[in-house]
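Reading the structure
If you want the building blocks of each chain, they are given just below.
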Amino acid sequence: MNIWLILMIAAIIIFLVIPSLKERIVLIKKLIITPIIFLYLLFNDVTTIFYLNVNSRMLLILGLALGIGIGMFIRHNTKVKIDLINKSIRIPGTYLNLIVFILIFSVHFAIGYLQAVNPQIFHSTNLIEQSLLFLLAVTSSITLGASICLYYKYFSSISNLSERGAA
């Protein structure tokens, strides 16, 4: 395991997972950090490990869309409080980041294990490779869907406030 990967995993746990377990105030521009990290890890694996053909790319797009949908569904009932002055949002504590981190780590672990046992497994299209690609895309994009939903709640509350002020 690379030392940078270990440091990145530790930073994700310390700065993203643990704080998300309790209610917190997040600047609206920082909501994109977690999805960027997980999508970078997805992109890194897709470009270095997997054999991509047309079916794989379609499966990747389908996995990304499903993950975004799941993330939006998980966050659609979340009650948030908006602070317009500080451009921040108060988010209740949740286990979402912890669960997503465990899922992503599990898929990465399975990929690493299979690659160590049989290095040729990802050089051709097979069911295991396709399944892991799909699972990796779904789990990596859940945080993106959750952030999109929170952005929507923030901007829709701003527009509701401006409409009330104009009325």
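Notes on the structure in this doc start here. Values in this document were obtained by computation on a predicted structure and should not be read as measured data.

What follows deals with the pattern of salt bridges. Following the criterion strictly, the structure yields one salt bridge and no others. Linking Glu23 and Arg90 is a salt bridge whose minimum nitrogen-to-oxygen distance equals 3.4 Å. Note that Glu23 is positioned in the loop between α1 (3–17) and β1 (24–27) and Arg90 in strand β3 (residues 88–91), a separation of 67 residues in sequence.

The axes of two packed helices give the description: the angle between them and the distance between them. Between α1 and helix α4 (residues 96–117), whose axes approach to 10 Å, the crossing angle comes to 165°. The angle between the axes of α1 and α4 places the two elements in the roughly antiparallel class. Two packed elements cross with a definite hand, and for α1 against α4 that hand is right-handed. Each of Ile9, Ile12, Ile13, Leu16 and Val17 in α1 lies in contact with α4, whose residues at this interface are Asn97, Leu98, Phe101 and Phe105. For the contact of α1 with α4, the class distribution of residues is eight nonpolar, one polar and no charged.

Generally speaking, soluble globular proteins have nonpolar side chains that are buried together. Counting 13 residues, the largest nonpolar core has Leu42, Phe50, Leu60, Ile111, Phe122, Leu132 and Leu136 as the members making the most contacts within it. Of all the secondary-structure elements, those providing two or more residues to this core are α2 (33–48), α4 and α5 (127–166). Residue contributions to this core peak at four residues, all from α5. Residue contacts for Leu136: discarding those within four places in its chain leaves Leu42, Asp45, Phe50, Val107, His108 and Ile111.

Rules behind the numbers
- Residues numbered from 1 in each chain as written.
- Predicted model: local features only at pLDDT ≥ 70, side-chain atom pairs only at ≥ 80, totals over all residues.
- Heavy atoms only, no water.
- Salt bridge = Lys/Arg side-chain N within 4 Å of Asp/Glu carboxyl O.
- Helix = DSSP H or I, 4+ residues; strand = E, 2+ residues; numbered from the N terminus.
- Axes fitted to C-alpha atoms, helices over the stretch in contact; angles between N-to-C directions.
- Parallel < 35°, antiparallel > 145°, perpendicular 65-115°, else oblique.
- Left-handed = near helix turned anticlockwise from the far one by under 90°.
- Contact = heavy atoms within 4.5 Å.
- Nonpolar A, V, L, I, M, F, W, Y, C, P; charged D, E, K, R; others polar.
- Core = buried A, V, L, I, M, F, W, Y, C linked by side-chain atoms within 4.5 Å.
- Buried < 20%, exposed > 50% of the residue type's maximum accessible area, 1.4 Å probe, protein only.

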